[in-house]
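Survey of secondary and tertiary structure
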Amino acid sequence: MLAELAEDADVGVRYIVARNEASPASVLRRLGQDSDTSVARRVAENPQAPVDVLENLADSHDIDTRWRVATHPSSPADLLERLVGKGVDQAVAANPHTPIKVLEKFALPNLGWLDPGELEQGSVASNPSAPPVLLERLAHSRSDLVRSEVASNLSTPQETLEQLAVDDADEVRAGVAANPACSQELIEYLSLDDEWHVRAKVAGNPTASEDIVEALAADAHELVRSAVAGCPHVLVTVIERLSADPSRFVRQDAAWNPALPAPTLHRLAFDADATVRTAVGANSSASIATLEVLARDASSAVRHDIAWHLRAPASLLAGLANDPEPIVRAAVAQNESTPVDVLEQLTRDADFKVREAVQANRMSPAYMRFGTSL
């Protein structure tokens, strides 16, 4: 069937076949030579694209196609080397399969092969396969972007991270603060940084100790506390405390957190701020009782989040299908948990966006999606 659809006269059909991971190699080979550039691009980014297809697409006149080949996880080292100088050097520099000798020449201009730009050097600095000696060299770059990428790289040696932890640029120190490979000593040091967003990065670091995170939960800056509140690995007692924070940003991030206990989440469903209640509605851990409360909320944004919640019961979705706001009814129409009889009702909705949402729902019966009967 896919082979037949690959020959369809409609480019939109061929486009979808080209991105389908179930499409066999023979079909992808055919579509890799498609006259429409958009189809070839989809083949070049299909995870199942054969190497021989990628090799052919590497010679495409279209730079977007070549870029996708350069970022493809199956592109072999020799193909990536062949793409150098074809306008996609930044993508080649970021690919973990790019040979070390190529990364070195991208990063070190004194090797006389290329005149690497900041973006290419930044891609090398972020490459998980970049050798430590190269990362050490790039840590001395004059570019804040390049140094910040080195600071975030899990392969960066600890000595280099120590050097970057005292960098003048805030974004570089922030990169170190968020790096899970960073030592506890460095994390503790950066938790006292003068810049709030550096401390916020420490709060989100999954390797930060409980003591450090708990100290940041009392930080003077609300966005640092907010970063703590949104971390699923933080102690429940800390998240519960932050759920009562004076700042709505902190309470909102606590309400998003799936680790927040159900009773506390239910309390936030009555929060004075609509953005906090919206976050509660989007939380996958919200109880049915909490969803029922929010389904009656005065804010249409809150009711909208309940309408597309996959755990919303059928009775609740049936009620929201009659909501006065079209955006709420459209969310019900998009929800893959919505019963067929409710979808049937929404196919006759006065708002065309609601009817379109029923068609877009992959769980809608064929006659609703395509106007045909099985």
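Refer to the structure above for everything that follows.
The sections below set out a description of the structure shown in this document. (Residues numbered from 1 in each chain as written. Predicted model: local features only at pLDDT ≥ 70, side-chain atom pairs only at ≥ 80, totals over all residues. Heavy atoms only, no water.)

Focus on the environment of alanine 58
Put simply, the rule reads: Secondary structure elements are taken from DSSP: a helix is a run of H or I of four residues or more, a strand is a run of E of two residues or more, and numbering for both begins at the N terminus.
Topologically, alanine 58 is positioned in the loop between α5 (51–57) and α6 (63–71). For the pair alanine 58 and serine 35, spaced 23 residues apart in sequence, the C-alpha to C-alpha distance is 16 Å.

Topic: the nonpolar core
The test is simple: Only buried residues count toward a nonpolar core. Its members are Ala, Val, Leu, Ile, Met, Phe, Trp, Tyr and Cys residues joined through side-chain atoms within 4.5 Å. Exposure is judged per residue with a 1.4 Å probe applied to protein chains only, and the accessible area is read against the type maximum: over 50% gives exposed, under 20% gives buried, and values in between give partly exposed. Whether two residues are in contact is decided by their heavy atoms, any of which lying within 4.5 Å being enough.
Within the largest apolar cluster, 104 residues are counted, with the highest numbers of intra-cluster contacts made by Val176 and Val228. The biggest single contributor to this core is helix α26 (residues 326–334), with five residues. When near neighbours in sequence (up to four residues on either side) are disregarded, valine 228 contacts Ala203, Val213, Leu216, Ala217, Val234, Val238 and Leu242.

Side note on the packing of helix α14 (residues 170–178) against helix α16 (residues 196–204)
The condition is simple: Angles here are taken between N-to-C directions and fall from 0 to 180 degrees, while the axes themselves are lines fitted to C-alpha atoms, restricted in helices to the stretch in contact. Any angle that is under 35 degrees is reported as roughly parallel, and any over 145 degrees as roughly antiparallel; angles of 65 to 115 degrees are reported as roughly perpendicular and all others as oblique. With the far helix as reference, a near helix turned anticlockwise by less than a right angle produces a left-handed crossing, and one turned clockwise produces a right-handed crossing. Throughout, the ten residues Ala, Val, Leu, Ile, Met, Phe, Trp, Tyr, Cys and Pro are labelled nonpolar, Asp, Glu, Lys and Arg are labelled charged, and all others, Gly among them, are labelled polar.
Packing of α14 against α16 brings their axes to within 7 Å, and their N-to-C directions diverge by 15°. The pairing of α14 with α16 is recorded here as roughly parallel in orientation. You can see that α14 and α16 cross each other, and the crossing is right-handed. Contact with α14, carried on its side by Asp170, Glu171, Arg173, Ala174, Ala177 and Ala178, involves His197, Val198, Lys201 and Val202 of α16 and no other residues of that element. Of the residues assigned to the contact of α14 with α16, the class counts are five nonpolar, one polar and four charged.

Some words on the pattern of salt bridges
The following threshold applies: Note on definitions: salt bridges are taken to be side-chain nitrogens of Lys or Arg within 4 Å of carboxyl oxygens of Asp or Glu.
Going through the model one piece at a time under the given rule, you end up with 24 salt bridges. Among the ionic pairs, arginine 147 bridges to aspartate 167, the shortest N-O distance being 2.8 Å. With arginine 147 in helix α12 (residues 144–152) and aspartate 167 in the loop between α13 (158–164) and α14, this residue pair connects regions lying 20 residues apart in the sequence. The burial state of arginine 147 is the same as that of aspartate 167; both residues are buried.

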